[in-house]
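Examining the three-dimensional arrangement
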Amino acid sequence: MSHPLSPNWTRILRWSAPILALPLTACDWVVMNPSGDIAVQQRDLILISTALMLLIVVPVMALVVFFAWRYRSANKAVEKDYDPDWDHSTKLELLIWSAPLLIIICLGALTWVSTHKLDPYRPLDRIDAKTAIDPKVKPLTVEVVALDWKWLFIYPELGIATVNELALPTNVPVRFDITASTVMNSFYIPELAGQIYAMPGMKTQLHAVANKPVAGVGFSANYSGAGFSNMRFGYKALDPAGFDAWVAKVKAGGANLDRNVYLTLAKPSEKAPVAYYSAVDPKLFEAVVNLCPKDGQRCMGELMHINMMGGAGKESARETRGLKYDLPNSHVIEQSDENKGQETAPDAPGAANAVPADHSSHSGADAHAQHR
């Protein structure tokens, strides 16, 4: 049997509530205060949906209090309204059912429109609410690879790449091509747009635009193993001059990201430092998507073409050397490789060119010793 709180405890809780809520004042409500137009539209969708639902919730809660007060046993003035045989009111039924129905219709229409309008594969048609995109403007392409446990960003048009740092120019449409090396992850920058999954052997897309200079943090929102808690990267939105200066700094790094360097980089490591690559193998991303960055591997696109053409004949049944993808001796992790969750990633190429990350991270458990 429960016992009500004493008046003293009630008074203590009432007066301590503001103090208990004080730590929440330091929270960064980045989802509700974004800097990218897509994220702004998603925030507005949250606010509109909440407001529509409150149109029902608030009146219902208010009426609960009103009826409880008005028809309390001590109120003798309403005894004359008591009707023991009452069972139906057309006006009340219309009010009860029409209001929720209208709310559901509004939410359904809003969901239908926003689902198509905010489709991550849909190219942008505006920079912000007041500025349309010139159809002649080509989006900046950024190829994203989710590794264990770090992020690789390739700028194919600029011929550069970075690890754990993403920079974008403001007011320029961006198309992200996203994949993963081993396990599924989720690419998410709250400042910029909603999350989209990164999956091995597949390429997903996300279109977004940054509207003002800002520094933030991106991360994976999908658990992917021991180093997941440290799988974060710095995000920068820079004005055109600042972005050009950043590109020049990356190109001055001198490191080259080829297939062998990628295979070393893709090995599991935690708290990898920011690293810059001034040159990139132009076919590296497609090789990662097709699960064939390692010499001798058969690309998935090639195998699908062979299958579409009816197969390669009986003699191909024994050609299995290039078909190992998800085994310890696969394209990322050798069977003898072990990584004990170092504080940094000593195997990251360009360690001499590495710069400290500008985002905080937390220690994690030992990295797994071999590929799943």
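What comes next is a walk through the structure.

**Focus on the overall build of the protein chain**
- Of regular secondary structure, the protein chain possesses seven helices and 15 strands.
- Each of the 372 residues in the protein chain was classed as buried or not, and the buried ones make up 36%.
- Of the roughly 21700 Å² of accessible surface on the protein chain, 63% is carried by carbon and sulfur atoms.

**Notes on the pattern of salt bridges**
- Applying the stated criterion across every chain, the model contains eight salt bridges.
- Across the pair D125 and R122 runs a salt bridge whose closest N-O atoms are separated by 3.2 Å.
- Residue classification places D125 among the partly exposed positions, given a relative accessible area of 42%.
- When the shortest N-O distance is used, the salt bridge between R259 and D281 registers 3.1 Å. Of this pair, R259 sits in helix α5 (residues 259-265) while D281 sits in the loop between β15 (279-280) and α6 (284-289), placing them 22 residues apart in sequence.

**What to know about the sheet that holds strand β11 (residues 214-220)**
- Pairing is mixed in the open sheet, where five strands are placed in the order β6-β12-β11-β8-β9. The strands lining the two open edges of the sheet, one partner per strand, are β6 (165-169) and β9 (193-198). On average, each strand axis in the sheet is tilted by 20° relative to the strand beside it, whichever way the strands run.
- Examined bridge by bridge, β11 and strand β12 (residues 232-238) share six bridges and lie antiparallel to one another. Along β12, the bridge assignment pairs F219 with R232.
- Helix α4 (residues 240-251) rests against β6 and β12 of the sheet, and its axis sits at about 140° to β6.

**Notes on the side chain of S220**
- Looking at the secondary structure, you find S220 in strand β11.
- Only 3.4 Å separates the side chain of S220 from the backbone nitrogen of S186, close enough to count as a polar contact.
- Residue contacts for S220: discarding those within four places in its chain leaves W151, N185, S186, F228 and M231.

**Some remarks on the nonpolar core**
- Counting residues in hydrophobic clusters, the biggest one holds 41 residues, and the most contacted among them are V142, L166, F176 and F187.
- Here F176 is in contact with V142, V144, L166, L168, F187, L192, T204, Q205, L206 and A208, once residues within four sequence places are set aside.

**Comments concerning the state of the cysteines**
- A full pass over the atoms with the stated rule returns one disulfide.
- Each sulfur of the disulfide joining C292 and C299 lies 2.0 Å from the other. An S-S torsion of about 85° defines the bridge between C292 and C299 as right-handed.
- Classification of C299 by relative accessible area gives partly exposed; the value is 25%.

**Considering the sheet that holds strand β7 (residues 174-180)**
- Overall, mixed pairing links the six strands, which are arranged β10-β7-β3-β4-β5-β14 in an open sheet. Edge positions in the open sheet fall to β10 (204-208) and β14 (275-277), since each of these has one partner strand only. Pairs of neighbouring strands in the sheet enclose a mean axial angle of 20°, with direction left out of account.
- Where strand β3 (residues 140-147) and strand β4 (residues 150-155) come together, five bridges link them in antiparallel fashion. Following the sheet pairing, V144 is matched in β4 by F153.

**Examining the packing of aromatic side chains**
- According to the stated counting rule, one finds 13 aromatic pairs in the structure shown.
- Pairing F67 with Y71 gives two aromatic rings, centres 5.7 Å apart and planes at 15°, and the pair type is stacked.
- You can call F67 partly exposed: its relative accessible area is 43%.
- With a relative accessible area of 43%, Y71 lands in the partly exposed category.
- Between F243 and W246 the ring centres are 5.9 Å apart and the planes differ by 25°, which places this aromatic pair in the stacked class. Here W246 and F243 lie together in helix α4, a separation of three residues that amounts to about one turn.
- Taken together, the ring pairs in this structure connect W151, F153, F176, F187 and F233 into an aromatic cluster.
- For R232, the ring lying beneath its charged end belongs to F219, and the centroid distance is 5.2 Å.

**Quick look at the pairing of β9**
- Two strands pair when backbone bridges link them, and strand β8 (residues 185-189) and β9 are joined in this way by four bridges, in the antiparallel orientation. Bridge pairing in β9 places S186 opposite Y197.
- Hairpin connection from β8 to β9: three residues lie between these consecutive antiparallel strands.

Criteria and thresholds
- Residues numbered from 1 in each chain as written.
- Predicted model: local features only at pLDDT ≥ 70, side-chain atom pairs only at ≥ 80, totals over all residues.
- Heavy atoms only, no water.
- Helix = DSSP H or I, 4+ residues; strand = E, 2+ residues; numbered from the N terminus.
- Buried < 20%, exposed > 50% of the residue type's maximum accessible area, 1.4 Å probe, protein only.
- Areas by Shrake-Rupley, 256 points an atom, 1.4 Å probe, with all protein chains shown as cover.
- Salt bridge = Lys/Arg side-chain N within 4 Å of Asp/Glu carboxyl O.
- Pairing = 2+ DSSP bridges.
- Axes fitted to C-alpha atoms, helices over the stretch in contact; angles between N-to-C directions.
- Contact = heavy atoms within 4.5 Å.
- Polar contact = N/O pair within 3.5 Å; in protein donor to acceptor, adjacent residues only side chain to side chain.
- Core = buried A, V, L, I, M, F, W, Y, C linked by side-chain atoms within 4.5 Å.
- Disulfide = S-S within 2.5 Å.
- Phe/Tyr/Trp six-rings, centres within 6.5 Å; stacked < 30°, edge-to-face > 60°.
- Lys NZ or Arg CZ within 6 Å of the ring centre and 35° of its normal.

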